[in-house]
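One letter stands for each residue in the lines below.
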Amino acid sequence: MYNASECALGLETILAVQDEVAMTTSPNVSIPICDPDVYGTSVDAVFLFFAGTLVLFMQIGFALLESGSSDERNAGHILFKNTLDMVIGALAWFLCGYPLAFGTQSYFAGFSGFMTVGMSGCEFPYWYFQFSFCATAVTIISGAIAGRTAVRAYVAYAIFITGIVYPIAVHWTWSDKAWLTEGSNGIGFHDYAGSGVVHVTGGMAALVACVIMGPRIVRLKNNALIDIPPHSVPLVAMGGMLLCICFLAFNGGSQLRIDDDTGEGGIAVARAAINTIMSMSGAGIVSTVVVKSASKTLSVPALINGLLAGAVAVCAGADRVEPWAALIIG
């Protein structure tokens, strides 16, 4: 007869042999283990998912703001292009955007992970979050040329920006070979949440598009520029407020990781959110006062533009500056 200890030992031996056989007979089955020092933890992955999703909600804000600001006849056209932004951005980011941005082959651009081939699943949360930023960059262009371009021309422009131009700017600043951030003699470029990488890149591309197309003819009257009032102020206000709320995730989510034992990650997210609010508040007040002084009227578009300008202005240093400094920045 066997005693209890001998039976337990025999059972452990059988289970160990079964595990070894399963590992040797199923070479194609692998269990991905993500190094928390490199990829973060599951908590960080969920954080990136929710932050990225809120950033993608900015697409709704842009759609409301742009369609409300333009002529009513162009509203459907603008909404179509805004919806198309996410489709174009996703395809371009999948095919070549992410590899060019975060590949490690050279300091100019990356050349690995095309269509996620050979990419670890541990990178997927980061891929998703960075895609939301890419979609935002191309939508900046959409707003500048709203109602002025054919769909085919806009699609070609958007593919070029999201697939080549924006990823290279990202690679220079946020990748493992970010030579701009590394700098020289200990002095490098710091862009926490994309004031330069996202907004200046998208803004300069929009400026080039506007220069190519020339001025809006409908704004010219007796050789002078006139303002075009929005056809729907409620749409402008709702879109603007939604963008302001989503900007908290845009800047706060750029911390990327929050799961630590010291609480530093959470503090950094809160600092970025507070600085974003203070910068938006300062810019909103100034823009309202300036427009009121010039036109003697209160303008919702001016207030919204001020709030968004403040959110963009503080992106680069939202993790570093004090709240009082963020107010001045705005």
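In this text the structure is predicted, and so the values were computed from the model without any measurement.

## Side note on the overall build of the chain
Within the chain, the regular secondary structure consists of 13 helices and two strands. Its C-alpha atoms put the chain at 105 × 45 × 45 Å along the principal axes. A burial count over the chain gives 39% of its 330 residues as buried. Long-range contacts, defined as pairs at least 24 residues apart, comprise 75% of the intrachain contacts of the chain with a sequence gap of at least 6. When the accessible surface of the chain is totalled, it reaches about 17,800 Å², and 69% of it is carbon and sulfur. Of the charged side chains in the chain, 13 are positive and 22 negative, and the gap between their average positions amounts to 28 Å.

## Points about the pattern of salt bridges
By the definition in use, this model includes two salt bridges. Notably, a salt bridge pairs arginine 271 with glutamate 322, separated by 3.5 Å at the nearest N-O pair. Note that arginine 271 is positioned in helix H11 (residues 264-295) and glutamate 322 in the loop between helix H12 (300-313) and helix H13 (323-329), a separation of 51 residues in sequence. A salt bridge links arginine 320 to aspartate 319; the shortest N-O distance between them is 3.4 Å. Judged by its relative accessible area of 57%, arginine 320 falls in the exposed class. For aspartate 319, a relative accessible area of 19% translates into the label buried.

## Describing a negative patch on the surface
Negative charge collects at one region of the surface, where Asp259, Asp260, Asp261 and Glu264 lie side by side. Among the structural elements, aspartate 261 can be located in the loop between helix H10 (233-252) and H11.

## So, helix H9 (residues 195-213)
With 19 residues, H9 extends 26 Å between its outermost C-alpha atoms, agreeing within 8% with the 27 Å of an ideal straight helix rising 1.5 Å per residue. Buried within H9 we find Ser195, Gly196, Val197, Val198, His199, Thr201, Gly202, Ala205, Ala206 and Ala209. Close packing links the buried residues of H9 with helix H6 (124-144), helix H7 (151-174), H10 and H12. Two residues or fewer after H9 comes glycine 214, characterised by a positive phi angle close to 85°.

## Some words on the nonpolar core
Met58, Trp93, Phe133, Tyr166, Trp174 and Phe250 are the most contacted members of the largest nonpolar core, which totals 42 residues. The biggest single contributor to this core is H6, with seven residues. With sequence-adjacent residues up to four places away left out, phenylalanine 133 is seen in contact with Val55, Tyr166, Trp174, Ala193, Val198, Phe250 and Ser254. Core analysis: the second largest hydrophobic core is formed by eleven residues, Leu84, Ile161, Ala206 and Ala209 among them.

## Describing the packing of aromatic side chains
Enumeration according to the criterion identifies 13 aromatic pairs in this entry. On the basis of an interplanar angle of 25° and a centroid distance of 5.6 Å, the ring pair of phenylalanine 49 and tyrosine 128 is categorised as stacked. A residue pair is termed long-range when its members are at least 10 positions apart, and phenylalanine 49 in helix H3 (residues 42-56) and tyrosine 128 in helix H6 qualify at 79 residues. Centre to centre, the rings of phenylalanine 133 and phenylalanine 250 are 4.0 Å apart; their planes meet at 10°, and the pair counts as stacked. With phenylalanine 133 in helix H6 and phenylalanine 250 in helix H10, the pair connects residues that are 117 residues apart, well separated along the chain. Assessed through its relative accessible area of 1%, phenylalanine 133 is described here as buried. Of the residues examined, phenylalanine 250 reaches a relative accessible area of 0% and is grouped as buried. Put simply, the rings of Trp93, Tyr98, Phe102, Tyr126 and Tyr166 pair up and form one aromatic cluster. Positioned over the ring face of tyrosine 154 is lysine 81, at 4.9 Å from the centre of the ring. Here the basic side chain of lysine 177 rests over the ring of tyrosine 107, its NZ or CZ set 4.8 Å away from the ring centre.

## Topic: a nonpolar patch on the surface
A contiguous nonpolar surface patch, about 730 Å² in accessible area, is contributed by Val87, Leu91, Phe94, Leu95, Phe111, Phe114, Met115 and Val117. With respect to the helices, strands and loops of the structure, leucine 95 is situated in helix H5 (residues 75-102).

## Here's the deal with the confidence of the model for the chain
On average, residues of the chain score 84 in pLDDT, and 90% of them are at 70 or above. The element-level mean pLDDT for the chain is lowest in helix H1 (residues 4-25), coming to 47, with H13 highest at 94. Note on residues 21-27: pLDDT under 50 across the span, and zero contacts to partners over four residues away in sequence or across chains.

## Thoughts on the side chain of aspartate 319
Along the chain, the position of aspartate 319 falls in the loop between H12 and H13. Within the local environment of aspartate 319, its side chain forms a polar contact with the side chain of histidine 190, the two groups lying 3.1 Å apart.

Rules used in this analysis
- Residues numbered from 1 in each chain as written.
- Predicted model: local features only at pLDDT ≥ 70, side-chain atom pairs only at ≥ 80, totals over all residues.
- Heavy atoms only, no water.
- Helix = DSSP H or I, 4+ residues; strand = E, 2+ residues; numbered from the N terminus.
- Buried < 20%, exposed > 50% of the residue type's maximum accessible area, 1.4 Å probe, protein only.
- Contact = heavy atoms within 4.5 Å.
- Areas by Shrake-Rupley, 256 points an atom, 1.4 Å probe, with all protein chains shown as cover.
- Lys, Arg positive; Asp, Glu negative; His and termini not counted.
- Charge placed at Lys NZ, Arg CZ, Asp CG, Glu CD.
- Salt bridge = Lys/Arg side-chain N within 4 Å of Asp/Glu carboxyl O.
- Patch = residues over 30% accessible without salt bridge, like charges linked within 9 Å, V, L, I, M, F, W, Y side chains within 5 Å.
- Expected span 1.5 Å × (residues − 1).
- Core = buried A, V, L, I, M, F, W, Y, C linked by side-chain atoms within 4.5 Å.
- Phe/Tyr/Trp six-rings, centres within 6.5 Å; stacked < 30°, edge-to-face > 60°.
- Lys NZ or Arg CZ within 6 Å of the ring centre and 35° of its normal.
- pLDDT = per-residue confidence, 0-100.
- Polar contact = N/O pair within 3.5 Å; in protein donor to acceptor, adjacent residues only side chain to side chain.

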